[in-house]
Amino acid sequence: MDPIDLSPGEEELLIDGLSDDVAFLWVLIHFGIRENPPATPDWRPTKSDVAAAFASLRKLVDAGVVRVGRLEYADDGPPERVAPVKHVAEEVTEALQRVEKALIVATEARDWESACWVVNTEKGDAIARRALAERGLS
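Residues numbered from 1 in each chain as written. Predicted model: local features only at pLDDT ≥ 70, side-chain atom pairs only at ≥ 80, totals over all residues. Heavy atoms only, no water.

Novice: What is the right way to read the overall build of the chain from this model?
Specialist: Within the chain, the secondary structure is distributed over six helices and four strands. Reading the chain from its N terminus to its C terminus gives the helix and strand order α-β-α-α-β-β-α-α-β-α. Here the chain has a C-alpha radius of gyration of 15 Å; the compact-globule value for 138 residues is 14 Å, and the two agree. Reported as C-alpha extents along the three principal axes, the dimensions of the chain are approximately 40 × 35 × 25 Å. Sequence-distant contacts, at least 24 apart, represent 61% of the contacts inside the chain between residues at least 6 apart. Positive and negative side-chain charges of the chain, numbering 16 and 26 respectively, have mean locations separated by a distance of 2 Å. (Helix = DSSP H or I, 4+ residues; strand = E, 2+ residues; numbered from the N terminus. Rg over C-alpha atoms; globule rule 2.2 N^0.38 Å. Contact = heavy atoms within 4.5 Å. Lys, Arg positive; Asp, Glu negative; His and termini not counted. Charge placed at Lys NZ, Arg CZ, Asp CG, Glu CD.)

What follows is the structure, encoded as structure tokens:
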């Protein structure tokens, strides 16, 4: 496996990705761009915050450890309900544009927090498992 130089936040993102798809909000938290809980009730990322997050995501996509995209209902049914979903991989630029648009039109946090989803590849899962083993947590 090709080595990749991960920041602590990028490694945490991969570890989180072992168990589920990761919403953009949690990308920001793992990368240290947003606190959990946020400093202000209606905190939203700036354009430079989003650019920094996507620079790291692009690095991870280029390394083949994650895919970025959106979630869709597996049955193509209507939104705003509990139902199985699937991840639809996209180009990084497409996901970035969707997040930027969501931030412009958002009336509340949930309007932008899930505008992009990240999923590990098998290579990303292997790196995350190795990181957990190195911590004695596997």
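Novice: Help me understand the packing of aromatic side chains, please; the structure alone is not making it clear to me.
Specialist: Aromatic ring pairs are described here by two measures, namely the spacing of the ring centres and the angle between the planes. The full count for this structure, using the stated rule, is two aromatic pairs. Sitting above the plane of the tyrosine 73 ring, arginine 81 keeps its charged end 4.3 Å from the centroid. (Phe/Tyr/Trp six-rings, centres within 6.5 Å; stacked < 30°, edge-to-face > 60°. Lys NZ or Arg CZ within 6 Å of the ring centre and 35° of its normal.)

Novice: What's the story with the environment of leucine 25 in this structure? I'm lost.
Specialist: Relative to the assigned elements, leucine 25 resides in helix H2 (residues 24–30). Owing to a relative accessible area of 12%, leucine 25 belongs among the buried residues under this scheme. C-alpha separation for the pair leucine 25 and arginine 67, spaced 42 residues apart in sequence, amounts to 16 Å. Not counting chain neighbours up to four residues away, the residues in contact with leucine 25 comprise Arg34, Trp112 and Glu113. (Buried < 20%, exposed > 50% of the residue type's maximum accessible area, 1.4 Å probe, protein only.)

Novice: Any chance you could explain the sheet that holds strand E3 (residues 85–90) here in plain terms?
Specialist: In sheet architecture, strand pairing relies on hydrogen bonds along the backbone and comes in two forms, parallel and antiparallel. The antiparallel open sheet is built from four strands, whose spatial order is E1-E4-E2-E3. Since the sheet does not close on itself, it has two edges, and those belong to strand E1 (22–23) and E3, each with one partner. Judged from the four bridges that link them, strand E2 (residues 66–73) and strand E4 (residues 117–120) form a sheet pairing that is antiparallel. For valine 68, the partnering residue across the bridge sits in E4 and is valine 118. Running at roughly 100° to E2, helix H3 (residues 47–62) makes contact with E2 and E4 of the sheet. (Pairing = 2+ DSSP bridges. Axes fitted to C-alpha atoms, helices over the stretch in contact; angles between N-to-C directions.)

Novice: What am I meant to see in the pattern of salt bridges here?
Specialist: For side chains bearing opposite charge, pairing can occur when the charged atoms are close. Taken as a whole and judged by the stated rule, the model has ten salt bridges. We note a salt bridge from glutamate 10 to lysine 59, for which the minimum N-O separation is 2.6 Å. With glutamate 10 in helix H1 (residues 8–17) and lysine 59 in helix H3, the pair connects residues that are 49 residues apart, well separated along the chain. Residue lysine 59 is classed as partly exposed on the basis of its relative accessible area, which comes to 33%. Its salt-bridge partner being glutamate 90, residue arginine 98 comes within 2.7 Å of it at the nearest N-O pair. Classification of arginine 98 as partly exposed rests on a relative accessible area of 24%. Residue glutamate 90 is classed as buried on the basis of its relative accessible area of 12%. What you see here is one network of salt bridges that share partners, running through Arg70, Glu72, Glu90 and Arg98. (Salt bridge = Lys/Arg side-chain N within 4 Å of Asp/Glu carboxyl O.)

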